[in-house]
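Chain by chain, the residues:
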Amino acid sequence: MDEQSMNGDLAKVPRVGEGDYLTTNQGGRIGDNQNSLRAGARGPTLLEDFQLREKITHFDHERIPERVVHARGSGAHGSFQVYESMAEYTMAKVLQDPSVTTPVFVRFSTVSGARGSADTARDARGFAVKFYTEEGVWDLVSNNIPVFFIQDTVKFPDLVHAFKPEPHHEIPGASTAHDTFWDSISLTPESMHMIMWVMSDRGIPRSLSMMEGFGVNTFRFVNEQGVFRLVKFHWKPVLGVHSLVWDEAVKLAGRDPDFHRRDLWDAIEKGDYPEFELAVQLIDEADELSFDFDPLDATKIWPEELVPVKRVGKMTLNRNPENFFAETEQVAFHPGHVVPGIDFSNDPLLQGRLFSYLDTQINRFGSPNFAQIPINQPHAAVNNNNQDGHMRYRNKSGRVNYEPNMLNDGRPMEAPREASGYVSYPEQVSGPKVRQRSPTFADHYTQAAMFWRSQSPPEQDHIVEALQFELSKVETREIRERMVMHLARIDDGLAARVAPAVGVSVPSGVEAAVTTRLAPETSMANTVKDTAKGRRVAILVAAGVDGAQVTAMKTALSEAGVHAEVVAKHLGTVVGGGQEVAVDKTIAATGSVMYDAVYIPGGQQGIEALKMDGNAVHFVTEAFKHCKPLAAIGEAVDLVMPAVTAGARNGATPDSGQLGAQGVFISRQSSDVSALARQFIQGIAQHRFFNREQKDMIPA
Ligand code: HDE
């Protein structure tokens, strides 16, 4: 008899949501859902009202504890396929056969903010993937930053307490720009490398489908021959790695706090399925101690120049959840959910995580039976003697609930290795029981300096500005001083740029880390920018617009997989050039921050109207300030030029060639739409033109 049939014939039970009538939880039909049962129309409510009591009690219990970190998340279903067999490195079946498609569920998250916080806060992003493999669930619980703040799990509660809102007044929500965070960080030198990443534009991704993922911790691959290699996992987004700019992220938090969640949902609904390549870095056992960093230290990357990244497969996210709570909220990840061929290293952060995640799920669900919730159910058979507990609904029949047994023919029994029985890698371990950090974990500045020096000048500017912003919100001067001291140990130029803005003096006599190695892969400027697919363009119009120029650009953008929306003062249609143009959004309800690029078609009357509309002018100026590609044709060039001139160095007006190199594509010839569209689309693929960044001169 199978598990389910012992619980009654579930096939005969109607699905929740079936049938025309409202019912109670017991299936009884409800006659009146507007009024509670009262003694007289103006009298007290009767305790007897079982329908009211059931409904309100259920409501009172709707919430489960939100995750202590990573509370705000967005999920999607998809699948994974390996490119070619990885048998040389691992026996994990999910990485063997390119013809096998493995279902996955992914949950992206911010770390610090509460469940209802804004998506665009500066933060690391979680990137957790559940593979439903034939050998059971494998969870790859990653972040979008390859290193972590701390080296040992014992520091995690301190770190999280410090970055969360301060406990006396719960301020600030979802932001690290406060005293307790920087106090803690300034006393934790091992955080410096991670701080450089979080303060970089990686902390404000443009889209969940445009960020990398990193397993951070070091795992082990073990092959059939029992040979192990240390492995780090990576996810590489096919759309490229792109970010917001800070001013935009701040504004989006108000304009659309669901910006990332909506973007992911819409992309999947439109068929723009986010894709990520899985990649690995491998270190042979013999080489484990041959680097100038310890591969077990989660505050270090393995520079690609030393340990190449091998792309091994692709994940496609192609289905939105049907029910947020049931899937995205209830999904339960755990780095200890592994399959044969994937094992753990002694990375002390990973070792502690292996305890924490199971514990946290039991807290969230109040029961070890969280694995029976549909989103968490393995697609492999589950067969063991675990039983009972809160909310268990898949149960075994019969009298035998122990192993070994004879009464049930010895079943279920231990699986030999050939039958995917998990065998831990038999590493030799010995040593004194000590509370001690390995001396190989002691260098906290070299890789922070390597990261800083590997960034392009605009990226460095953004790190400086982020540090200025965050530290200027720290009220305690000593904390600011201590932080600037750490920055001086990373790079004296960096410290010299941050110090004056946060009201402290540049420290003297501090030696900066010496590093000649660069890690170009850490700079987003060096990542591939070859597609405009999935980006959003605003077409800004007013009555009198040249309708043909709208249609022609829309067609060209759509052919390139770019989504265009017509934005005007009011919804409905605008008429121009004998055509009716349907309006998708109002200027007031969107704002340029909701788009990757802006196109302004010509038409004398339309442009005159836009020039007189402060919100429209602001829309263009703001997009310019955020270094977004802009395209203007015919009379629209006159709308764009004031923004360009306001932002131009020394007030000089650049010519159209210079403008094109700065992502402003103009053509005064009304017939040039397709040539303009070609340049514009290439510009969108570049994402941002930081070569024209002159923020202070542009008021938007
Ligand atoms: Fe987590 N982390 N973490 N973490 N983590 C949790 O588990 C923890 C760490 C990550 O979408 C919690 O289910 C410890 C690194 C993601 O559901 C908790 C340490 C990385 C998610 C927990 C770390 C992560 C979590 C809270 C050692 C990058 C969200 C809720 C210092 C590889 C998963 C939960 C989701 C969630 C503990 C560090 C990634 C408390 C002890 C490093 C993506 O168990």
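Now for a quick tour of the structure. (Residues numbered from 1 in each chain as written. Predicted model: local features only at pLDDT ≥ 70, side-chain atom pairs only at ≥ 80, totals over all residues. Heavy atoms only, no water.)

1. Examining the site of the ligand
Point 1. Neighbouring the ligand are 23 residues, the closest being Arg67, Arg107, Val141, Tyr357 and Gln361.
Point 2. Between an oxygen atom of the ligand and a side-chain N or O atom of Arg67, the distance comes to 2.7 Å.
Point 3. Between the ligand and the protein, one listed contact pairs a nitrogen atom with a side-chain N or O atom of His70 at 3.4 Å.
Point 4. Secondary structure elements with two or more residues in the shell around the ligand: β3 (125-133), β4 (136-143) and α8 (348-365). (Near = heavy atom within 4 Å. Polar contact = N/O pair within 3.5 Å; in protein donor to acceptor, adjacent residues only side chain to side chain. Helix = DSSP H or I, 4+ residues; strand = E, 2+ residues; numbered from the N terminus.)

2. Focus on the sheet that holds strand β15 (residues 585-586)
The strands that make up a sheet are held in pairs by hydrogen bonds between backbone atoms, and each pair lies either parallel or antiparallel.
Point 1. Sheet architecture is open: 6 strands sit in the order β15-β12-β11-β16-β17-β18, paired in parallel fashion. Both outer strands of the open sheet, β15 and β18 (664-667), are each paired with one neighbouring strand and no more.
Point 2. Where strand β17 (residues 630-633) and β18 come together, 4 bridges link them in parallel fashion. Residue Leu630 lies in a different strand from β18, and its bridge partner there is Val664.
Point 3. The sheet contacts of helix α15 (residues 614-625) involve β11 (536-540), β12 (563-568), β16 (597-600), β17 and β18, and relative to β11 the element is tilted by about 145°. (Pairing = 2+ DSSP bridges. Contact = heavy atoms within 4.5 Å. Axes fitted to C-alpha atoms, helices over the stretch in contact; angles between N-to-C directions.)

3. Brief notes about the packing of helix α13 (residues 547-559) against helix α18 (residues 673-686)
Point 1. Between α13 and α18, the least distance of the axes is 10 Å, while the angle of their chain directions is 45°. With respect to α18, the element α13 is oriented oblique. Like other packed secondary-structure pairs, α13 and α18 cross with a definite hand, here right-handed. Taking contact as the criterion, the partners of Gln549, Ala552, Met553, Ala556 and Leu557 in α13 are, on α18, Val673, Leu676, Ala677, Phe680, Ile681 and Ile684.
Point 2. Residue composition of the contact of α13 with α18, grouped by class: 10 nonpolar, 1 polar and no charged. (Parallel < 35°, antiparallel > 145°, perpendicular 65-115°, else oblique. Left-handed = near helix turned anticlockwise from the far one by under 90°. Nonpolar A, V, L, I, M, F, W, Y, C, P; charged D, E, K, R; others polar.)

4. Overview of the pairing of β3
Point 1. Counting buried residues along β3, 9 of its 9 residues qualify, which places the element largely inside the surrounding structure.
Point 2. Side chains Arg125, Phe127, Val129, Phe131 and Thr133 project from β3 onto one buried face, and the interleaved Gly126, Ala128, Lys130 and Tyr132 project onto a second face that is buried too.
Point 3. Counting the residues in the hairpin turn of β3 and β4 gives 2 residues. (Buried < 20%, exposed > 50% of the residue type's maximum accessible area, 1.4 Å probe, protein only.)

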